[in-house]
Amino acid sequence: MRAVLDHVGIAVADLAAALAFYRDALGLEVEAPEEVVSQRVRAHVVPAGHSAIELLEATAPDSPIAKFVAKRGAGLHHVTLRVDDLRAALAQLKARGVRLIDDEPRPGAAGALVAFIHPSAAHGVLVELTQRDVDRPDLLVARLPFGNVQLTMLHDGPFRLDGGAMFGVVPRVLWERKAPPDDRNRIQLALRPLLVEGDWGHVLIDCGAGDKMSPKEQDIYALDRTHALDAALAETGWSADTIGFVLASHLHFDHFGGATARIANPAGSAPRVVPRFANARYAIRAAEWQDATHPHERNRASYLQDDFVPLQAAGVVDFYEGDEEIRPGVRVVRTGGHTGQHQIVFVESAGRTAVFVADLIPTTAHIQDPWIMGYDLFPMETLAFKKRFIREAIEREYLIVFEHDPHVAAGYIREQDGHRYVEKVR
Ligand SMILES: [Zn+2]
Ligand SMILES: [Zn+2]
């Protein structure tokens, strides 16, 4: 088996003292902490070349790390090796009579699979094996009661975009640990429309990429249509025909391609493109429509006319002008930046606020202010809006719905000791 050193875990009794050494004295970068609630531990990752040191801090007295420290003192807790196929690795170890703690892989942080080998088999060291399954985003349909509304995080399958383009001026050495690229330099992303239901009705915010792309385009974007929006809707008892209202964050194909469908015409005439949600009205910001229907060389590949022009022909578009309350408690706010009229959607109910941030903060890896996509037409506008918005989101505890994150559908942005991180909710 091929195994690469992933990280070394160190149980820490006094975090401030540990940071004084690893961060201040050694001068190493410490990432934002990640809380593993089930283990009652907070992990502070210190990247070191292709591997990392993980400082483990107990968050409760009955945490396994607290018990470890009480019994043996602070120090080396575990060594983690990364393997390509964890199941095969465990089978190989079992066949050799190696004592395991986990016979089967179990889910770890950030979509990884993990399993532990007993220290008695590894000469006194707890060895963890991990498989970072970047090819498998978490595409579960998540329903979340929120105030007096119900939020359903749907999905239209996984897709991939160029890693460099997703992170703009941020060098690959900084983003590749958070978003490992494949051999074509593409990173794994998801398409996650949001369904909001209230006593006033419902609204579907964005609708994925849809099924109109050619096999060649599907290959470029690694669209996997075996896990698409129709299946996700069916899981919640909905269907394309029961959706009555669709709201667009903007008209890029990965957000609004699913608004229309191509159907074959009888007698061999050319296929037609029709509204995909047969009984729906579509709410579109008038100025975004203007931009999308008058593309230029820089945005032409993102605005595909078949995604929206047939809607107007069918008479199902409701245009609106500015930042409006589209449905009770559901209002759009223009951010600009990504496109001139890009907007996010605030959902406010019973004193709580959730925000569908679309391409303002496409994934949890983009929560640092300057981590801005190369796709953005007006990056300085993105920066100005994002700085103000994220500060507000932290202070007012907005639930952030991430449309493109492969592993986190929704969470709270937190800040501790100047480091930002996302507390995952779904
Ligand atoms: Zn976009
Ligand atoms: Zn997008």
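Anything mentioned here points back to the structure above.
What you see as residue numbers is a count from 1 along each chain, following the sequence as written. Each chain is given a letter, starting from A, and each ligand a number, starting from 1, according to the order in which they appear as written. Residue-level local features of this predicted model are given only where pLDDT is at least 70; pairs of side-chain atoms are given and counted only at 80 or more, and the full residue set underlies all totals for whole chains, interfaces and linings. Remark: hydrogens and water are excluded; side-chain values derive from all non-hydrogen atoms of the structure.

Engineer: How should I be thinking about the coordination of the zinc ion (ligand 2) in this particular structure?
Structural biologist: When a metal holds four donors in a tetrahedron, each ideal angle between them is 109.5 degrees; when it holds six in an octahedron, the ideal angles are 90 or 180 degrees. Here the coordinating atoms are restricted to nitrogen, oxygen and sulfur within 2.8 Å of the metal centre, or 3.2 Å for Na, K and Ca, and because water is not among them the sites may look incomplete. Surrounding the zinc ion (ligand 2) are the protein donor atoms Asp254 (OD), His255 (NE2), Asp359 (OD), Asp359 (OD) and His404 (NE2), at 2.1 to 2.5 Å. Within one chain, the residues donating to the zinc ion (ligand 2) are spaced in sequence as D-H-x103-D-x44-H. Separation of the zinc ion (ligand 2) from the zinc ion (ligand 1) amounts to 3.6 Å, with aspartate 359 serving as a shared donor to the pair. With aspartate 254 in helix α8 (residues 253–256) and histidine 404 in the loop between β24 (399–401) and β25 (410–416), this pair connects stretches of sequence that are 150 residues apart. By the burial criterion, aspartate 254 is buried, and histidine 404 matches it. Strands here mean DSSP runs of E at least two residues long; helices mean DSSP runs of H or I at least four residues long; both are numbered from the N terminus. With a 1.4 Å probe rolled over the protein chains alone, any residue whose accessible area is under 20% of its type maximum counts as buried; one over 50% counts as exposed, and the rest are partly exposed.

Engineer: Help me out: how do you make sense of the pattern of salt bridges in this one?
Structural biologist: Opposite charge on two side chains permits pairing when their charged atoms draw close. A pair is scored as a salt bridge if a Lys or Arg side-chain nitrogen falls within 4 Å of a carboxyl oxygen belonging to Asp or Glu. Inspection of every chain in the model, using the stated rule, returns 28 salt bridges. Two residues, glutamate 176 and arginine 172, come together in a salt bridge whose shortest N-O distance is 2.9 Å. One salt bridge connects glutamate 381 with arginine 334, and the closest N-O pair in it is separated by 3.4 Å. Here glutamate 381 is found in helix α11 (residues 379–395), whereas its partner arginine 334 is found in strand β21 (residues 330–334), with 47 residues between them in sequence. Taken together, the shared-partner salt bridges connect Asp369, Arg391, Glu415 and Arg420 into one network.

Engineer: Could you clarify how one ought to interpret empty space enclosed by the protein in this entry?
Structural biologist: Rolling a probe over the atoms, with the probe sized like a water molecule, indicates the empty space that remains. Cavities and pockets are defined on a 1 Å grid built over the protein atoms alone: a cavity is a set of grid points where a 1.4 Å probe fits but cannot escape, while a pocket is an open set with protein on both sides within 12 Å along at least five of seven lines, and lining residues are those with an atom within 4 Å of any such point. Grid points are joined across faces, edges and corners, and a volume is the space filled by probe spheres set on the points. All told, the structure shown has one cavity of 30 Å³ or more when counted by the stated rule. Reported here for the largest cavity is a volume of approximately 60 Å³. Surrounding the largest cavity, Leu19, Arg23, Val30, Glu31, Pro33, His44, Gln416, Asp417 and His419 form its lining. Of the residues in the lining of the largest cavity, the class split is three nonpolar, three polar and three charged. Residues are sorted three ways: Asp, Glu, Lys and Arg are charged, Ala, Val, Leu, Ile, Met, Phe, Trp, Tyr, Cys and Pro are nonpolar, and all the rest, Gly among them, are polar.

Engineer: What is the right way to look at helix α1 (residues 15–25) in this model?
Structural biologist: Of the residues making up α1, those classed as buried are Leu15, Ala18, Leu19 and Tyr22. Buried residues along α1 cover an arc of 95° about the axis, so they all sit on one side. The exposed set on the far side of α1, more than 90 degrees from its buried face, consists of Ala16 and Ala25. Whether two residues touch is decided by their heavy atoms; if any such pair falls within 4.5 Å, the residues are in contact. Its buried side turned inward, α1 meets β1 (3–12), β3 (41–48) and β4 (51–58). N-capping of α1 is provided by aspartate 14, with a side-chain oxygen placed 3.2 Å from the backbone N of alanine 16. Just beyond α1, the residue with positive phi is glycine 27, at close to 75°. Starting at the helix axis, one direction is taken to each C-beta atom, and the arc is that of these directions. In the analysis that follows, any N or O atom pair within 3.5 Å is treated as a polar contact, provided that within protein one partner can donate a hydrogen and the other can accept it, and provided that, for residues neighboring in sequence, both atoms belong to side chains.

Engineer: Just checking my understanding: could you explain the coordination of the zinc ion (ligand 1) for this structure?
Structural biologist: Coordination sphere of the zinc ion (ligand 1), protein contribution only: His250 (NE2), His252 (ND1), His338 (NE2) and Asp359 (OD), at 2.1 to 2.2 Å. All geometry calls rest on donor angles, where a four-donor set with angles between 85 and 135 degrees is tetrahedral, four- and six-donor sets with opposite donors more than 155 degrees apart and all others between 65 and 115 are square planar and octahedral, and all else is irregular. Around the zinc ion (ligand 1), the four donor atoms sit at angles spanning 85 to 173°, and that spread fits a shape best called irregular. Every donor residue of the zinc ion (ligand 1) comes from the same chain, spaced as H-x1-H-x85-H-x20-D.

Engineer: Would you explain the packing of aromatic side chains in this entry?
Structural biologist: The way to describe two aromatic rings as a pair is by their centre distance and the angle between their planes. Within 6.5 Å between ring centres, the rings of Phe, Tyr and Trp (the latter by its six-membered ring) count as paired, and their orientation is classed by plane angle as stacked under 30 degrees, edge-to-face over 60, tilted in between. Inspection of the entire model under this criterion finds 13 aromatic pairs. Centroid distance phenylalanine 167 to tryptophan 175: 5.3 Å. Interplanar angle 15°. Geometry classified as stacked. Across the pair, tryptophan 175 and phenylalanine 167 agree in class, each one buried. An aromatic cluster is defined as three or more aromatic residues linked by ring pairs; in this entry it consists of Trp289, Tyr303, Phe308 and Phe319. Positioned above the aromatic ring of phenylalanine 346, the side-chain terminus of arginine 331 is 4.5 Å from the ring centre. Charges are assigned to positions over rings by a cutoff of 6 Å between ring centre and Lys NZ or Arg CZ, combined with an angular limit of 35 degrees from the ring normal. A cation over a ring is seen here: arginine 388 above phenylalanine 385, with NZ or CZ 5.0 Å from the ring centre.

Engineer: Just checking my understanding: could you explain the pairing of strand β26 (residues 419–424) for this structure?
Structural biologist: Note on strand geometry: in a regular strand, side chains alternate between the two faces of the sheet. At least two DSSP bridges between two strands are needed for those strands to be called paired. Of the strand pairs in this sheet, β25 and β26 are connected by six bridges, and their pairing is antiparallel. Residue pairing across strands places glutamate 415 opposite arginine 420, the latter belonging to β26. From the end of β25 to the start of β26, which pair antiparallel, there are two residues, and aspartate 417 there has a positive phi angle of about 50°.

Engineer: Help me out: how do you make sense of unusual backbone geometry in this one?
Structural biologist: Note on backbone geometry: most residues besides glycine have negative phi, and most peptide bonds are trans. Phi at arginine 40 takes a positive value of approximately 50°, unusual for a residue other than glycine. Along the chain, the position of arginine 40 falls in the loop between β2 (34–36) and β3. Even without a glycine there, the phi angle at alanine 358 is positive, about 50°. Counting through the fold element by element, alanine 358 comes out in the loop between β23 (352–356) and α11. Given a relative accessible area of 0%, alanine 358 falls into the buried group.

Engineer: Sorry if this is basic, but what is going on with the sheet that holds β23 here?
Structural biologist: Neighbouring strands of a sheet are bound in pairs by backbone hydrogen bonds; such pairs are parallel or else antiparallel. With respect to topology, seven strands assemble into an open sheet ordered β20-β21-β22-β23-β24-β25-β26, the strand pairing being mixed. Each of the sheet's edge strands pairs with one partner strand only, and the pair in question is β20 (325–327) and β26. Along the sheet, successive strands turn relative to each other by an average axial angle of 35°, direction set aside. Each axis is a line fitted through C-alpha atoms, and for a helix only the stretch in contact is used; angles between axes span 0 to 180 degrees, taken between their N-to-C directions.

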